[in-house]
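# Chains, contacts and geometry: an overview
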Amino acid sequence: MQVLFGGTFDPVHNGHVVMAESLVKAFPRAIIHVIPNRQPPHRKSYVSSEHRLAMLGLAMEGIPRVLVNAIELGRDGPSFTVDTLRALREQFGGKESLVLCLGADAVRVVDEWYQPELLPELCHVCVLNRASQSTVIPGVLSSYHSTDTLSDLNQKACSLLVYLATPDIPVSSTEVRELIAKNEPTLPVPSKIADYIKRYHLYQGIE
Ligand code: ATP
């Protein structure tokens, strides 16, 4: 089983780290791929891919079975999830269980993605709780079959939808960038990331 947790990670924060740790616990035999976007289709990123990748590597180091996967950084243009899923299907084969993990905020806008109707035949979906975000499953995912049993996802390659109760960590990258802009001394990021941001003067002067 390959579990996929993608995002802009601009920058990576404590919420992302706790989600990765929760996935490690929830999927005991899986590899957890943490996948930074090259160029978010819906918005710009604030620092280079190289910095975002370096910070992710620092934040995730030492968490067993978590792999920071730069698959989207090697492709030209925006990162479309269906392209990534197709590439991973080729790499791991048609029978491998692929689990796409999305925070409740991310799942709500899946119908705005490129070719979202292809998702059910490419991957399972695992929705992660996010503090103060209610979960709305868009119509484009209506052919998914819900299950309460995480281990069901081992039995098939794709097409199941599961919810994972994860700790509420009310933090976002937007908030981290705002705190930096206000010169707040304490950031909700791992200390290695705070040091990195300081060393390279990242996110300074962002409105
Ligand atoms: P931004 O504030 O810039 O939009 P973000 O904090 O939402 O960033 P992303 O890199 O866009 O971070 O998120 C990657 C994935 O992590 C998404 O699926 C998102 O829903 C999830 N996620 C981000 N923060 C949390 C959190 N605090 N708790 C649970 N899931 C989260």
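This text follows the structure it describes.
Presented here is a report on the structure given in the accompanying data block. Fair warning: this is a prediction, and the values are worked out from it, not measured in the lab.

Right, let's talk about the site of the ligand for a bit. Every one of the 22 residues lining the ligand counts as a neighbour, but Phe9, Asp105, Ile169, Ser173 and Thr174 are closest to it. Contact between the ligand and phenylalanine 9: an oxygen atom at 2.9 Å from a main-chain N or O atom of the residue. Within the side chain of histidine 16, a nitrogen or oxygen atom sits 3.0 Å from an oxygen atom of the ligand. Taken by itself the ligand offers 600 Å² of open surface, and the protein chains cover 90% of this. Those elements giving two or more residues to the shell around the ligand turn out to be strand S1 (2-7), helix H1 (14-26), strand S4 (98-103), helix H4 (104-108) and helix H5 (173-181).

Mapped onto the fold, leucine 161 is located in strand S7 (residues 160-164). The exposure class assigned to leucine 161 is buried, which follows from its relative accessible area of 5%. Considering only alpha carbons, one finds leucine 161 and leucine 100, 61 residues apart in sequence, at a separation of 9.6 Å. Setting aside its immediate chain neighbours within four residues, leucine 161 contacts Val125, Val127, Ile137, Tyr144, His145, Ser146 and Thr147.

Here we come to the pattern of salt bridges. Opposite charge on two side chains permits them to pair, given that their charged atoms come into close proximity. Taken as a whole and judged by the stated rule, the model has 2 salt bridges. One salt bridge connects glutamate 61 with lysine 192, and the closest N-O pair in it is separated by 3.1 Å. Residue glutamate 61 is found in the loop between helix H2 (49-60) and strand S3 (66-68), and its partner lysine 192 is found in helix H6 (residues 191-199); the two are separated by 131 residues along the sequence. Among the salt bridges present, the one from arginine 86 reaches aspartate 83, with a minimum N-O distance of 3.3 Å. Highlighted residues: arginine 86 and aspartate 83, both in helix H3 (residues 81-92), separated by 3 residues, approximately one helical turn. Assessed through its relative accessible area of 36%, arginine 86 is described here as partly exposed.

Below, the discussion takes up the side chain of asparagine 37. Its location among the elements puts asparagine 37 in the loop between strand S2 (31-36) and H2. Apart from the residues within four sequence positions on either side, asparagine 37 is in contact with Gly7, Thr8, Arg52, Glu72, Leu73 and Ser79.

The next subject is H2. Residues that lie three or four places apart on an α-helix share one face, since the helix turns once every 3.6 residues. Relative to the 16 Å expected for 12 residues at 1.5 Å per residue, H2 spans 16 Å between its end C-alpha atoms, a close match to the ideal helical length. By the burial criterion, the buried members of H2 are Ser49, His51, Arg52, Met55, Leu56, Ala59 and Met60. In an axial view of H2, the angular spread of the buried residues amounts to 165°, which keeps them on one side of the axis. On its buried side, H2 packs onto H1, S2, S3 and H6. Immediately beyond the C-terminal end of H2, within one or two residues, lies glycine 62, with a positive phi of roughly 90°.

Turning our attention to the state of the cysteines. Scanning the model with the defined rule gives 0 disulfides in all. Sulfur of cysteine 101: no disulfide; nearest cysteine sulfur belongs to cysteine 126 and is 4.3 Å away. No disulfide involves cysteine 158; its sulfur sits 7.7 Å from that of cysteine 123, the nearest cysteine. By relative accessible area, which is 17% here, cysteine 158 ends up buried.

Right, let's talk about H3 for a bit. With 12 residues, H3 should reach 16 Å at 1.5 Å per residue; the first-to-last C-alpha distance of 16 Å fits that figure. Those residues of H3 that sit buried are Val82, Thr84, Leu85, Leu88 and Arg89. When H3 is viewed along its axis, its buried side chains cluster within an angular range of 155° and face the same direction. Of the exposed residues in H3, the ones pointing more than 90 degrees away from its buried face are Glu90 and Gln91.

Rules used throughout
- Residues numbered from 1 in each chain as written.
- Predicted model: local features only at pLDDT ≥ 70, side-chain atom pairs only at ≥ 80, totals over all residues.
- Heavy atoms only, no water.
- Near = heavy atom within 4 Å.
- Polar contact = N/O pair within 3.5 Å; in protein donor to acceptor, adjacent residues only side chain to side chain.
- Areas by Shrake-Rupley, 256 points an atom, 1.4 Å probe, with all protein chains shown as cover.
- Helix = DSSP H or I, 4+ residues; strand = E, 2+ residues; numbered from the N terminus.
- Buried < 20%, exposed > 50% of the residue type's maximum accessible area, 1.4 Å probe, protein only.
- Contact = heavy atoms within 4.5 Å.
- Salt bridge = Lys/Arg side-chain N within 4 Å of Asp/Glu carboxyl O.
- Expected span 1.5 Å × (residues − 1).
- Arc of directions from axis to C-beta.
- Disulfide = S-S within 2.5 Å.

This is a description of form; function is not addressed.
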